[in-house]
Amino acid sequence: DIQMTQSPSTLSASVGDRVTITCRASQSIGIWLAWYQQKPGRAPKLLISKASTLESGVTSRFSGSGSGTEFTLTISSLQPDDFATYYCQQYKSYLSFGQGTKLEIK
Amino acid sequence: QVQLVQSGAEVKKPGSSVMVSCKASGDTFNKYVFNWVRQAPGQGLEWMGRIIPILAVTDYAQILQGRVTITADKSTSTAFMELSALRSEDTAVYYCARGDNSMAPFDHWGQGTLVTVSS
């Protein structure tokens, strides 16, 4: 099984900050990586697929990069609506998620 | 528009089984892969398994092998997830989620179904 490890687990930031979340895979997954945003009591929302492809309707403040085993999600100029939990997911071999990164207001 | 509507909350006794349904509308059911993901209270997302309705092919997470069964009824565009031998650790919100194929992320999700396992 492919293990996904996100860091940090919690991130405190302010409106207007630029933040980066990292996701590492236990083996190479090419670009078969997605990022999701989840708010309390809601289903996750797909933000990015194939490591860097922004989904339709998702603000360009979100960007993704990486390939192989190391990936990042960057949010430029945080807005109040961005405070949520973020998950990476590999879909190269079956599927698995990272443990999540909770983005909190500082 | 695409909608995945799940069945309602369940309370079950340890050792029993639960079945959760996920009815799809707004697009051709057979074109897609339907996955099940669960989330225990305050925890992360755990992929449980998937079905490709047009092929009737299923895959399951190894940790749940033998306890989870995923099926689909093409006539009603509904996917089902049955989990047996329930224990307290199975208390979670269960989501169905759609992917374009077996190598795709999940672009649409159901609203979630809370399953509580308690004696």
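Described below are features of the structure shown in this document. (Residues numbered from 1 in each chain as written. Chains lettered and ligands numbered in written order. Predicted model: local features only at pLDDT ≥ 70, side-chain atom pairs only at ≥ 80, totals over all residues. Heavy atoms only, no water.)

Topic: the overall build of chain B
Regarding its fold elements, chain B presents zero helices and 11 strands. Each helix (α) and strand (β) of chain B, taken in turn from the N terminus, gives the series β-β-β-β-β-β-β-β-β-β-β. Over its C-alpha atoms, taken along the principal directions, chain B stretches across nearly 40 × 25 × 25 Å. Partitioning the intrachain contacts of chain B with sequence separation of at least 6 by distance along the chain shows that 53% fall at a separation of at least 24. Positive and negative charge centroids in chain B, built from 10 and 10 side chains respectively, lie 3 Å apart. (Helix = DSSP H or I, 4+ residues; strand = E, 2+ residues; numbered from the N terminus. Contact = heavy atoms within 4.5 Å. Lys, Arg positive; Asp, Glu negative; His and termini not counted. Charge placed at Lys NZ, Arg CZ, Asp CG, Glu CD.)

Focus: the packing of aromatic side chains
The relative placement of two aromatic rings is captured by the distance of their centres and the angle of their planes. Counted according to the given criterion, the structure contains nine aromatic pairs over all chains. Seen in terms of ring centroids, Phe29 of chain B and Phe34 of chain B are 4.7 Å apart; in terms of plane orientation they differ by 25 degrees. Their pairing is stacked. Per residue, the accessibility class of Phe29 of chain B equals that of Phe34 of chain B, and both read buried. A ring pair is formed by Tyr95 of chain B and Trp109 of chain B, whose centres lie 5.8 Å apart and whose planes are at 80 degrees; its orientation type is edge-to-face. Of the two residues, Tyr95 of chain B is situated in strand S9 (residues 92–99) and Trp109 of chain B in strand S10 (residues 106–109); the sequence distance between them amounts to 14 residues. No difference in accessibility class separates Tyr95 of chain B from Trp109 of chain B, as the two residues are buried. These aromatic residues form a ring-pair network of at least three members: Tyr36 and Phe97 of chain A together with Tyr95, Phe106 and Trp109 of chain B. Directly above the aromatic system of Tyr32 of chain B lies the positively charged group of Arg98 of chain B, at a separation of 3.6 Å from the ring centroid. (Phe/Tyr/Trp six-rings, centres within 6.5 Å; stacked < 30°, edge-to-face > 60°. Buried < 20%, exposed > 50% of the residue type's maximum accessible area, 1.4 Å probe, protein only. Lys NZ or Arg CZ within 6 Å of the ring centre and 35° of its normal.)

Details of the interface of chain B and chain A
Contact with chain B, which involves 20 residues of that partner, is made by 18 residues of chain A. Across the interface of chain B and chain A, roughly 1,500 Å² is buried in total on both sides, 66% from carbon and sulfur atoms. Interface area lost by chain B to chain A is led by Leu45, Met103 and Pro105 of chain B, which between them contribute 38%. Inspection of the region where chain B meets chain A yields zero salt bridges. (Buried area = accessible area lost by both parts, 1.4 Å probe. Salt bridge = Lys/Arg side-chain N within 4 Å of Asp/Glu carboxyl O.)

Side note on a nonpolar patch on the surface
Among the surface-exposed residues, Ile54, Leu55 and Val57 of chain B lie close enough to one another that they form a single nonpolar patch of about 280 Å² accessible area. Position of Val57 of chain B among the secondary structure elements: in strand S6 (residues 57–60). (Patch = residues over 30% accessible without salt bridge, like charges linked within 9 Å, V, L, I, M, F, W, Y side chains within 5 Å. Areas by Shrake-Rupley, 256 points an atom, 1.4 Å probe, with all protein chains shown as cover.)

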